[in-house]
Amino acid sequence: MPFSLMAENMAFMMVTAMLKNFYLYLVRHISEKVKPLKKTSRLKAFILHFVSVPAKWVRTGRRNVLNLYTNKAYYSEVFLE
């Protein structure tokens, strides 16, 4: 356990459990649209496919557009407006 007091450890475990449930929900819904990501994928695969992608917000035509610098085609399916 990361903390010396029982109350702090309990709060840590509750937050960790909520984050895991949110992650499983997110992966379950995204894996339907993205083929390389499976429902049983671990966090490292999720980070590889979604977090470590270079992007920049660009203002064109009076609106902000997310410009992704990658050649992976499944981003257009997931991030439709």
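Look a little higher up for the structure.
Think of each chain on its own: its residues are numbered from 1, step by step along the sequence as written. Per-residue local features are limited, in this predicted model, to residues with pLDDT of at least 70; the limit for side-chain atom pairs, both in listing and counting, is 80 or more; totals at the level of whole chains, interfaces and linings are taken over all residues. Working from all heavy atoms in the structure, the side-chain values ignore hydrogens and water.

## Topic: unusual backbone geometry
Here the phi dihedral of Arg62 falls at roughly 60°; this positive angle occurs in a residue that is not glycine. Think of it this way: any DSSP run of H or I at least four residues long counts as a helix, any run of E at least two long counts as a strand, and we number them from the N terminus. By secondary structure assignment, the location of Arg62 is in the loop between strand E1 (55–60) and strand E2 (63–68). Residue class for Arg62 comes out exposed when judged on its relative accessible area of 77%. A 1.4 Å probe rolled over the protein chains alone gives each residue an accessible area, and that area as a share of the maximum for its type sets the label: buried under 20%, exposed over 50%, partly exposed in between.

## Observations concerning helix H2 (residues 43–51)
Taken as a whole, H2 has its buried residues at Phe46, His49 and Phe50. Taken down its axis, H2 places every buried residue within 80° of arc, on the same side. More than 90 degrees from the buried face of H2, the exposed residues found are Lys44, Leu48 and Val51. The directions from the helix axis to the C-beta atoms are what the arc is built from.

## A short note on the nonpolar core
Inside soluble globular proteins, nonpolar side chains tend to come together where they are buried. Residues grouped as a nonpolar core are buried Ala, Val, Leu, Ile, Met, Phe, Trp, Tyr and Cys residues, joined through side-chain atoms within 4.5 Å. Counting 10 residues, the largest nonpolar core consists of Tyr23, Val27, Ile30, Val34, Leu37, Phe46, Phe50, Val53, Tyr74 and Tyr75. For this core, the secondary-structure elements that each account for two or more residues are helix H1 (6–30) and H2. Per element, the largest residue contribution to this core is 3 residues, and it comes from H1.

## With respect to the packing of aromatic side chains
Aromatic contacts are taken between Phe, Tyr and Trp rings whose centres are within 6.5 Å, Trp giving its six-membered ring; a plane angle under 30 degrees counts as stacked, one over 60 as edge-to-face, and the others as tilted. Enumeration according to the criterion identifies 2 aromatic pairs in this entry. When the centroid spacing of 6.1 Å and the interplanar angle of 75° are considered together, the rings of Phe3 and Phe12 count as edge-to-face. Ring centres of Tyr23 and Phe46 lie 5.7 Å apart, and the angle between their planes is 85°; this geometry places the pair in the edge-to-face category. With Tyr23 in helix H1 and Phe46 in helix H2, this residue pair connects regions lying 23 residues apart in the sequence. The buried category is assigned to Tyr23, whose relative accessible area is 16%.

## With respect to a nonpolar patch on the surface
Residues Met1, Phe3, Met10, Phe12, Met13, Met14, Val15, Met18 and Leu19 make up a contiguous nonpolar surface patch of about 940 Å² in total accessible area. The exposure class assigned to Met13 is partly exposed, which follows from its relative accessible area of 38%. What makes a patch is a set of residues exposed beyond 30% relative accessible area and free of salt bridges, joined within 9 Å when like-charged and within 5 Å when nonpolar (Val, Leu, Ile, Met, Phe, Trp, Tyr). The Shrake-Rupley method, run with a 1.4 Å probe sphere, supplies the accessible areas, and residue values consider only the shown protein chains as cover. Here a salt bridge means any side-chain nitrogen of Lys or Arg lying within 4 Å of a carboxyl oxygen belonging to Asp or Glu.

## A word on the pairing of E1
Side-chain direction in a regular strand flips from residue to residue, so the side chains alternate between the two faces of the sheet. Two strands are said to pair when DSSP picks up at least two bridges between them. Bridge analysis of E1 against E2 gives 6 bridges, and the strand direction is antiparallel. The residue of E2 that forms the bridge with Trp57 is Leu66. The antiparallel pairing of E1 with E2 creates a hairpin that spans 2 residues between the two strands, and Gly61 there sits at a positive phi of about 60°.

## Describing H1
To estimate how far a helix should extend, the number of its residues minus one is multiplied by 1.5 Å. An ideal rise of 1.5 Å per residue puts 36 Å on 25 residues; H1 measures up with 36 Å between its terminal C-alpha atoms. Those residues of H1 that fall on the buried side of the exposure criterion are Asn9, Tyr23, Val27 and Ile30. In this analysis, two residues are considered to be in contact whenever any of their non-hydrogen atoms come within 4.5 Å of each other. Contacts made by the buried residues of H1 are with H2.

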